[in-house]
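# Commentary on secondary and tertiary structure
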Amino acid sequence: LTMLIMWAMPFYDEKFADKVKISDLVPPSLVAIVLGTVVEWTIIRPSGGQTRTVGETASIDGDFLHRSTVDETRLPRWHFPLVPEDAHWGVMITYAVSLCLVGLIESVMTLQAVDTITETLPSAFRSNQECVAQGLSNALCGVFGAMGGDAMIGQSTINVMNGARGRLSAMTAGVFMVLFIVI
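Residues numbered from 1 in each chain as written. Predicted model: local features only at pLDDT ≥ 70, side-chain atom pairs only at ≥ 80, totals over all residues. Heavy atoms only, no water.

### A look at the environment of Gln50
The following threshold applies: Secondary structure counts use DSSP, requiring at least four H or I residues in a row for a helix and at least two E residues in a row for a strand, with both numbered from the N terminus.
Within the element layout of this structure, Gln50 appears in the loop between α3 (28-44) and α4 (54-57). Note: C-alpha distance between Gln50 and Glu40 (10 residues apart in sequence) is 9.6 Å.

### Here we look at α3
Here is the rule: Each residue after the first adds 1.5 Å to the expected span of a helix. Exposed residues in this analysis have more than 50% of their type's maximum accessible area, buried residues have under 20%, and partly exposed residues fall in between, with area computed by a 1.4 Å probe over protein chains only. As used here, the arc is the angular range of directions from the helix axis to the C-beta atoms.
A rise of 1.5 Å per residue sets the reference length of α3, with its 17 residues, at 24 Å; its end C-alpha atoms lie 22 Å apart and thus fit the reference within 8%. Pro28, Ser29, Ala32 and Glu40 are the residues of α3 that are buried. Viewed along the axis of α3, the buried residues span an arc of 110°, placing them on a single side of the element. α3 presents Trp41 and Thr42 as exposed residues on the side facing more than 90 degrees away from its buried surface.

### With respect to a nonpolar patch on the surface
The condition is simple: The patch calculation keeps residues exceeding 30% relative accessible area without a salt bridge and links them within 9 Å when they carry like charges or within 5 Å when they are nonpolar (Val, Leu, Ile, Met, Phe, Trp, Tyr). Residue exposure ignores everything except the shown protein chains as possible cover, and the areas themselves are Shrake-Rupley values with a 1.4 Å probe. A side-chain nitrogen of Lys or Arg and a carboxyl oxygen of Asp or Glu constitute a salt bridge if their distance falls within 4 Å.
Judged by side-chain polarity, Val83, Trp89, Met92, Ile93, Val97, Leu101, Ile105, Met109 and Ile153 come together as a nonpolar surface patch covering roughly 830 Å² of accessible area. Counting residues per element, the nonpolar patch draws most heavily on helix α5 (residues 89-118), at seven residues. Looking at the element boundaries, Met109 is found in helix α5.

Written out as structure tokens, the structure is:
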């Protein structure tokens, strides 16, 4: 449904809209999210369909701002992960290297896709800078018990296609994600 909307709105504007283009007024990605939510709550859930939510997958109750002491907060603490003595290091390193390579490749592909959309010349320095920053941040995530990440091609592409050209859109997405989780 999402891909159909994202394809159909610009196609409709190109073929049928004379004066006012719908995709100039409302981004197709926003229309897709709203329609997907409406379908979920009006068709799928009333008919007994089960869609797993984030709250059912992991605790997201946050409540950081309403705690009286640091000990009562649910924020992660600095620690080195406990690894059992009989750990299978070969398996762990294999998975770590595989995930590292997948993340690096996706991040560089995202950077190239954004460069293509914005018609910016590619830069080896920016690719290297992205890879080093991602590696350091993922290593730091490990000591807080967090899950590592990489560049999101979908979010980056949608942001750029809807007019984002600076770091404000990425920063805004990060701030809202933290607010959704912590509060």
